[in-house]
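Here is what each chain is made of, one letter per residue.
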Amino acid sequence: MGQSVLADLGELNLDFSAFVLLFITVCAFMVPVAVVLPPVPVRKSDALLQTHTKAGLTRSKSALASQHAAEHAPRDGQPPIVQSLLIHPVKSCRAIEVTRSRVLPQGLEFDRLFTFAQLKSQFPVSVNSADEAKGQHGWEFITQRQFPRLATVKVDLWLPDEMKLRKQSMKPTREAFLILKFPWKEHGWRGLLSVIMAKLSGGASAVPGKEILLPIDFPSAVDIKANGYTFEEVKIWKEVVTALNMSTELPRELMLYLGVSNKLGLFRIDPSRLREVYRCAPLKEDAGYQPVTGFQDAYPLHMITLNSLQKFSKEVPKDEDFKELDVRRFRGNIILSGVPAYDEETWIKARFKPGKSGLHNDAVFHISCRTVRCKMPNVDPYTGDRHPREPDHSLRKLRNVDEGAPLNGCLGMQLTPLFEVDEAPTSNPTSGSGLLGDDDPDDGRSSWIAVGMTVHVEERGVHLYIKQ
C-alpha cells in the first residue's frame, strides 16, 4: 500500500517549487480560519460569556483617568461628589471599578470576600517547648506587602444576565462568579505553544496565563463536602477568624508565580462569622447594630479624596520607577472629588445624597478614623513592582498627623456604614451572603452608593487613632 502511494506521487512529477506553492496555498487557507476560529482551549470566561456579563469599567473608561487634573479641587458653592467606587473581591488582588454598589454592614457588596493565606510555623518557640508545639502550623493571610505579584492577579466579576439567560432558554439565576487570572508560561515547547494560543485568542498584547473560577455565594453544606472545602482558622493581623478554606481550587502554578514557599491557601469569609469592629467604630447602641467586617484590614470601608492625594503627591519625590502617585495604590473603596485637601480628617458623620447618580436614596457613614498606612502603597497596582522608598518614606515624614499612631503616615479615612431602619437587627445571617437580589440582607440594613452622589458633612470633630 505504502509503495503504491509513493509510486502515485512519483507519477505526479512534483518538483520543489510545486511543494512550496502547495504549502503557501494551505497556509493562505488556514490562517483566516485560525483567526476566526483559533485552535485554543475554551476558557472559563468564554463559557460564562453565554449567560453572564462582566461587571466593572475598563481602564480606558475609568473615572480615575483624570485623577491628577485640577478639576478635583473644591468647587465654589458645590458639594463634593463621588468620583469613583472600587471593590476588591480578593484581598490584595486587582481592583474592579464600578459605577454603583450596594452598601452592606460589612462594606461594599463583593468587597474582600476572599483572602490568600500561607501555612506558617508558630515561630519563635522555646528550645524547651514540647515537640507538639514546635510542629504546630497556622494559616496567616498574605498581601502585597510580602508578595507584590498579587497586584497582577486580575479579578473579573461575572453577574447573571437575564437577557442572555432567556436567549439560552435558561431559568433566572442569582449565581455570580469570580474569575482570577494570572500570567503563566510553561517551559520549553509548551510555553511557546501557550504564547501562540494566547496571541490567537487575545491579540498581539495577550500573554498566556491561568484562570481560577470561584463562586460568589457562600457554598452549601453539600458543595462544601463535594469540593473538599474545610472550615479552618486564619489569622488576619492580630485577629483569628474561622473561615472556609477553598484551597482545593488553587493550581500549583499560582504558588510558584507569587513566590510563596509555604503552602498557599484561599479563604472565603463566612457571612455568619464576620469580624466584629470596635476601637474607633461607633458603639452598637449608637449605630443600631454591631459593626462588622469581612477580610478588610480593620473597618468596613476606606475613603480617599483626590485633592488630598494631589497635595500629598506634589511633595513626594519622583523618579524613573515612580512617575506618578495613582490613587489605586491606596486600595480605597470610595474616591471623592471636590474636597479641600485633608478636610475629610475633620469629618465624623457624612450623608451622601443622590445628586446626579440616578439613585433615590441617601447613604450615611460614620467616619471612624484616619487610615494609618503601611508600605503596601509602594507597590505599583498594575505591574506589581515595589519601589524601595516611596511613598512610604514621604508618608512617614509628611503625614505623621495622628497622635494615636506616632511615626506612622496617614492618608484616607476608615468608614462604618449607618442605616436608617426601625427594626433591631438579628444576629449575623446564617445562610447566603446578603448578595445578588436579596433586597433585605440583614433586617433592612443596606443602602446604595453611586458615582455622582453629593457629600454633605453632618458632624465634625477630632480623630485619635486607636491601635489594635
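Position labels on residues start from 1 in each chain and follow its written sequence. In keeping with the predicted nature of the model, local features appear solely for residues at pLDDT of at least 70, side-chain atom pairs appear and are counted solely at 80 or more, and the whole-chain, interface and lining totals rest on all residues. The side-chain figures draw on all heavy atoms in the structure; neither hydrogens nor water molecules are used.

**Student:** Which residues make up the overall build of the protein, and what values go with them?
**Tutor:** The helix and strand tally for the protein stands at eleven helices and 22 strands. Per-residue and other accessible areas were derived by the Shrake-Rupley procedure at a 1.4 Å probe size, with only the shown protein chains allowed to occlude residues. Per element, the accessible surface of the protein, about 24100 Å² overall, is 56% carbon and sulfur. Working definition: helices are DSSP H or I runs of at least four residues, strands are E runs of at least two. Numbering for both runs from the N terminus.

**Student:** Break down helix H10 (residues 306–313) for me, citing the residues and quoting the values.
**Tutor:** Classification of residues uses two cut-offs on accessible area relative to the type maximum, computed with a 1.4 Å probe and protein chains only: under 20% is buried, over 50% is exposed, and between them is partly exposed. Here H10 lies mainly inside the structure; seven of its eight residues are buried. Three or more residues of H10 are buried, namely Leu306, Asn307, Ser308, Leu309, Gln310, Phe312 and Ser313. Where H10 is buried, its residues meet strand S2 (81–87), strand S16 (301–305), strand S17 (334–337), helix H11 (392–398) and strand S20 (410–418). The contact definition used throughout considers only heavy atoms, calling two residues in contact when any of these lie within 4.5 Å.

**Student:** Help me get a handle on the pairing of strand S4 (residues 100–104), residues and values and all.
**Tutor:** Where a strand is regular, its side chains alternate between the two sheet faces. S4 sits mainly inside the fold: four of its five residues count as buried. By the convention used here, strands pair only if DSSP detects at least 2 bridges between them. Pairing geometry for S4 and strand S21 (residues 447–450), over four bridges, is antiparallel. Across the sheet, the residue bridging to valine 103 is serine 447, located in S21. Counted along the chain from S4 to the antiparallel partner strand S5 (residues 107–108), the turn is two residues long.

**Student:** Talk me through the pairing of S17; I want residue IDs and the actual numbers.
**Tutor:** Across the two faces of S17 the burial is the same, with Ile334 and Leu336 and Ile335 and Ser337 all buried. The sheet contact formed by S2 and S17 spans four bridges and is antiparallel. Counterpart to leucine 85 in the pairing with S17 is isoleucine 334. The pairing of S16 with S17 spans three bridges and is classified as parallel. Among the inter-strand pairings, isoleucine 304 is bridged to a residue of S17, identified as isoleucine 335.

**Student:** Which residues make up the pattern of salt bridges, and what values do they have?
**Tutor:** The working definition used for a salt bridge is a side-chain nitrogen of Lys or Arg within 4 Å of a carboxyl oxygen of Asp or Glu. Applying the stated criterion to the full structure yields 24 salt bridges. Measuring nitrogen to oxygen at the nearest pair gives 2.6 Å for the salt bridge that ties aspartate 156 to lysine 154. The exposure class of aspartate 156 is buried, given its relative accessible area of 4%. The partner of glutamate 239 in a salt bridge is arginine 275, and the shortest N-O contact between them spans 2.9 Å. Within this pair, whereas glutamate 239 is found in strand S12 (residues 239–245), its partner arginine 275 is found in strand S14 (residues 275–276), the two being separated by 36 residues in sequence. Three or more residues joined by partner-sharing salt bridges are found here, namely Lys54, Lys154, Asp156, Lys181 and Glu211.

**Student:** Quick one: what's the story with the sheet that holds strand S6 (residues 114–121), residue by residue and with numbers?
**Tutor:** Overall, mixed pairing links the five strands, which are arranged S6-S7-S11-S12-S13 in a closed barrel. Recorded for the sheet is a direction-independent mean angle of 55° between the axes of neighbouring strands. Of the pairings in the sheet, the one linking strand S7 (residues 137–141) to strand S11 (residues 230–236) comprises two bridges and is parallel in character. Following the sheet pairing, tryptophan 139 is matched in S11 by valine 234. Axis definition: a line fitted to C-alpha atoms, limited for helices to the stretch in contact. Angles are taken between N-to-C directions and run from 0 to 180 degrees.

**Student:** Which residues make up the side chain of serine 101, and what are the values?
**Tutor:** Here serine 101 lies in strand S4. In this structure serine 101 touches Leu85, Leu108, Glu109, Ser447, Trp448 and Ile449, once residues within four positions along its chain are discounted.

**Student:** How would you sum up the state of the cysteines? Please name residues and give values.
**Tutor:** Any two cysteine sulfur atoms within 2.5 Å of one another count as a disulfide. A full pass over the atoms with the stated rule returns zero disulfides. The closest cysteine sulfur to the non-disulfide-bonded cysteine 369 is located on cysteine 280, 4.4 Å from its own sulfur. With a relative accessible area of 1%, cysteine 369 lands in the buried category.

**Student:** Tell me about the environment of glutamine 146, residues and numbers included.
**Tutor:** Along the chain, the position of glutamine 146 falls in the loop between S7 and strand S8 (154–160). Judged by relative accessible area, glutamine 146 falls into the partly exposed class, the value being 35%. Setting aside chain neighbours within four positions, we find glutamine 146 in contact with Gln118, Phe141 and Arg386.

**Student:** Kindly report on the environment of threonine 293, identifying the contributing residues and their values.
**Tutor:** Examined against the element boundaries, threonine 293 turns out to sit in strand S15 (residues 292–293). Linking threonine 293 and threonine 416, residues 123 residues apart in sequence, is a C-alpha distance of 9.3 Å. The residues contacting threonine 293, other than those within four sequence positions of it, are Gln106, Leu274, Arg275, Val277, Ala298, Tyr299 and Pro300. Polar contact is defined as a pair of N or O atoms within 3.5 Å, subject to the rule that within protein one atom must be able to donate a hydrogen and the other to accept it, and that residues adjacent in sequence are counted only when both atoms are side-chain atoms. Here glutamine 296 takes part through its side chain, which lies 2.7 Å from a polar atom of the side chain of threonine 293.

**Student:** Describe in detail the sheet that holds S5, supporting the description with residues and values.
**Tutor:** Taking strand neighbours across the sheet as the criterion, the three strands line up as S5-S4-S21 in an open arrangement whose pairing is antiparallel. Of all strands in the sheet, those with a lone pairing partner are S5 and S21, marking the two edges.

**Student:** Describe unusual backbone geometry, and please don't skip the residues or the numbers.
**Tutor:** Residues glutamate 390 and proline 391 are joined by a peptide bond in cis, for which omega reads 5°. Relative to the elements of secondary structure, proline 391 occurs in the loop between strand S19 (363–372) and H11. Here the phi dihedral of serine 169 falls at roughly 55°; this positive angle occurs in a residue that is not glycine. Within the fold, serine 169 resides in the loop between helix H5 (162–167) and strand S9 (177–183). Judged by relative accessible area, which is 69%, serine 169 ranks as exposed.

**Student:** Report on the packing of aromatic side chains, specifying residues and quantitative values.
**Tutor:** Classification of ring pairs rests on two measures: the distance between centres of Phe, Tyr or Trp rings, Trp counted by its six-membered ring, which must be within 6.5 Å, and the angle between planes, read as stacked under 30 degrees, edge-to-face over 60 and tilted in between. A complete count under the given rule lists six aromatic pairs for this structure. Both rings, one in tyrosine 289 and one in phenylalanine 419, keep their centres 5.7 Å apart while their planes meet at 55°; by these two values the pair is tilted. Of this pair, tyrosine 289 sits in the loop between helix H9 (284–287) and S15 while phenylalanine 419 sits in the loop between S20 and S21, and the two are 130 residues apart along the sequence. Taken as a pair, tyrosine 289 and phenylalanine 419 share a single burial class, namely buried.

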